[in-house]
Structure formats: structure tokens, C-alpha cells
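Understanding the architecture of this molecule
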Amino acid sequence: MSEGDECEIAVIGAGIIGLAVAWALRREGRQVLLLDPAGISEMTSKGNASAIAVSDILPLASPGILRKAPRWFFDPLGPLSIPVTYLPRLLPWLWRFWLASFPARFKASIAAQAALMTLSSKAWQELISEMELESEVRQNGALYLYENEREFRQNLSSWALRDEFSIPYDHVGSEELHALEPALSPRFIKATRVPQWFTFSDPHIVAQKIGDNLMASGVAFRQKKVLTISPAESFNELRLESGAPIKAKWVVIASGAWSNELTRPLGDNLPLETERGYNTTIPNPGIEISHELIFANHGFVATRLDTGLRIGGADELAGLKRAPNFQRSKAMVTKAKAFLPGLKSEGGVEWMGHRPSFPDSLPVISTASGHPRILYAFGHGHLGLTQAAATGQIIAAILAGRAAPIDLSPFSAMRF
């Protein structure tokens, strides 16, 4: 399509969520235009931990969280940090975060997340099959690691919550654990194994392959920044940073942590924050691991990729404009070398990405509050890759006027 043309559906954002939305729409024969200022999967989706984490249904906001969180928040290298100078701006979000931690809301968020995860598992199987991505999938599962018996027992209640939703797992003792992962330090004495969890060979490569397949199927792409959306009765006009405007019958906003730049002028000032995540990818780590290793009490994971070993995690609530603090990446690598004694960290490449996050840990997947031809698909936190295929199928159902495959009330933009 040429500058200034009309299109049926404009999807703003070509990260993994936007790509999955385009896939779900295109498979139903829709005409789709993808728009992104950076390119296909060149922002947050480029450097994630590469996991389809279907067991990860527990929201960050949990009962009693604010008793534990302060010691994290103000540790600049801890698992969850807030720079002191950013705290005043974050207070409204933290207020909603506290409200989301009340027991009834906590349980409602778990149920909603579990429903989305069940759909995610099935939707990813379909996307992988249709895109012929089977060779990119590693199905060895994940291991949640514990350093002592007390730590293990403290986590049993979280696994009991997962029992309600039939999430498979089993606990393994020290001997079996170290047979599974010989590179692991003997300080870890138990683990919980999640067989459903799988990873990709490299999330950036997989997303780009999805993008290539979409282009081959007729999806158009423009590397453009959308500045504003002006709704009208039969179309929406998209004003671009450069070039003529585009008219789209439907618009899907899937711009991740930057989505509020477009939703605020539409009347939806949503409590969207960014969980800045850090990682280091080590090309020649000198060790082998088979599972994704989850050092939950330390806030990071280790993932084997085709491009090396990725050590990543460390949430930081610090907005979009603050410069990265790569001391957080270095702190994780230092811990990883103690936890994986043979690890060689030379040549590691550091990275930081912005995870879009709502206080209740649930994304917004719905129509705009006053504009039925504008849809939202963002706010997935650290679960964007996991929930992308399901989000695409939900958006396709909404746009087609079909009943959604799950209850969408917990994901409504109007819940705030």
C-alpha cells in the first residue's frame, strides 16, 4: 500500500503482541497493516527470557506484599527496585498495586491469568504449527530452585494455588536435581519442575520469522511512528511522524509500555507503568543447562539460547526515560557465577527492555472505552511472549463480533 492509503486494520506495534494479533487477523482473511517506528521485534520483544511460562499465574501484587516489598524497592540491585527520585510519580500506581493485593482481588487475578494461560498454551501450539516453528522450540521445562528446606516450604502455598487450575508440576530432591543439572551449585537442595514450560531458541529470531511469514502472507509493514489517532464514524485517521495520514477502519494499539501516548488523547489514561528488565547474554558460557533455571528468591532466570546463555530478570519500576542501570545486569551475572560455578561471563552483552505493567498484573485486551473500532492489547508485564498468541485470538474474536474464548471482564480497559 502507498502513502496515505486506507486499510482495514492498522496494528500499532510490531513486537510479539502486535505480530500475534496480525497472525490471528490474517488467518481470518483480514487486511492488516503493521506500524512500528523501530522495526519488527526491535524493542522489548528483542531481548526477553524466551519462555512460554504457562505456570506463571500468580500476580506480583499478593497479600502482604507491601510488608516485604520495601526492602526490595530501595535496594538498587535487588529483584524489584524503585529509584527514590521516581517514587513520587509512581505513588498512584503503588496505591492501585496495594489494592490489587487484597485477597479477593488477588484470587480473581489468578483465575483470570489461569484462563488466559490455558488459552495461551493452545494458541501457541496453533501458531507454531502454522508458522512451522517446531525446530525453534525447546520443551525441557523449567526448574524453580530452592536453597534450603525453609525456602521450599514457604513456596508450597503458591503451588497449592496452582493446583486449583490443574497446572502440572512435581518436586525433585537434591540427587535428582543435580542429575538433571550437573552445572548447578550444590547449595540448591530442591526444585519444583514444570514440564509444560518451554522456551524458544532465541525470541528475537522467532519473532522475525513470524514477521517474515506474515509479510509473505500479505500483511503490510511500515516503519512509522503513529503520533495520534482521530476517530471518526466509519474510519480512524492515523497521523504519522512523517508522511501522509492513514485511514483505518479498525485500529489495534499494541505498543507495549508506550501505549498510553496514544490512549490518553482517546480518553483512557490507564495506570500503565514499565517494569524495566535487564539481562546479559553470554555467547560462550562454558557450561550447559537443559531447563530454564528460575532463581525465584533472587529475581532472575538462566535460559539456554542458540546465541548463548541469557541471565535475565530484575524488575525496576523507573519509567521510560531514565537511563539504564546496568549494574543490575552485572549483579545478576555475579550471582549466576556463584550458582553455576563453571560459568564464564566474558563477552556478555547487556540489554534492558521496558515491560508494560498494570498494578494487578493483568493486561488490557478490550475495546477503547469510548471508541468501539479501537482495540487495546498491551500491559502483559513479563508475560508478553507467553500470552501473545492468545491475545491475538481474543482480538480477532472481538473484531469479528464473536464471543471471546474466555471471560474478558478482568482484562477490560474500564476496570480502572
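What comes next is a walk through the structure.

Criteria and cut-off values
- Residues numbered from 1 in each chain as written.
- Predicted model: local features only at pLDDT ≥ 70, side-chain atom pairs only at ≥ 80, totals over all residues.
- Heavy atoms only, no water.
- Helix = DSSP H or I, 4+ residues; strand = E, 2+ residues; numbered from the N terminus.
- Rg over C-alpha atoms; globule rule 2.2 N^0.38 Å.
- Buried < 20%, exposed > 50% of the residue type's maximum accessible area, 1.4 Å probe, protein only.
- Lys, Arg positive; Asp, Glu negative; His and termini not counted.
- Charge placed at Lys NZ, Arg CZ, Asp CG, Glu CD.
- 1 Å grid on protein atoms, 1.4 Å probe; cavity = no way out; pocket = protein on both sides within 12 Å on 5 of 7 lines; lining within 4 Å.
- Points joined across faces, edges and corners; volume = space filled by probe spheres on them.
- Nonpolar A, V, L, I, M, F, W, Y, C, P; charged D, E, K, R; others polar.
- Pairing = 2+ DSSP bridges.
- Contact = heavy atoms within 4.5 Å.
- Axes fitted to C-alpha atoms, helices over the stretch in contact; angles between N-to-C directions.

As a further point, take the overall build of the protein. Scanning the protein from N- to C-terminus turns up 10 helices and 20 strands. Here the protein has a C-alpha radius of gyration of 21 Å; the compact-globule value for 416 residues is 22 Å, and the two agree. Among the 416 residues that make up the protein, the fraction classed as buried is 56%. Placing the 41 positive and 41 negative side-chain charges of the protein at their respective mean positions leaves the two points 5 Å apart.

When its volume is computed, the second largest pocket comes out at roughly 570 Å³. Residue lining of the second largest pocket: 21 residues in total, with Tyr86, Arg89, Arg264, Leu272 and Glu273 positioned closest to the centre. Elements with a minimum of two residues in the lining of the second largest pocket: helix H3 (87-100), helix H8 (260-263) and strand S14 (273-282). For the lining of the second largest pocket, the element with the most residues is H3, which contributes four residues. In the lining of the second largest pocket, the residues fall into 10 nonpolar, four polar and seven charged.

Across a sheet, strands are paired by hydrogen bonds formed along the backbone, either parallel or antiparallel in direction. On the basis of which strands lie adjacent, the open sheet formed by three strands has the order S3-S9-S5 and antiparallel pairing. Each having just a single partner strand, strand S3 (51-52) and strand S5 (137-138) make up the two edges of the open sheet. The pairing of S3 with strand S9 (residues 198-200) spans two bridges and is classified as antiparallel. Bridge pairing links Ile52 to Phe198 in S9. Along the sheet, helix H4 (residues 103-131) makes contact with S3, S5 and S9, crossing S9 at roughly 35 degrees.

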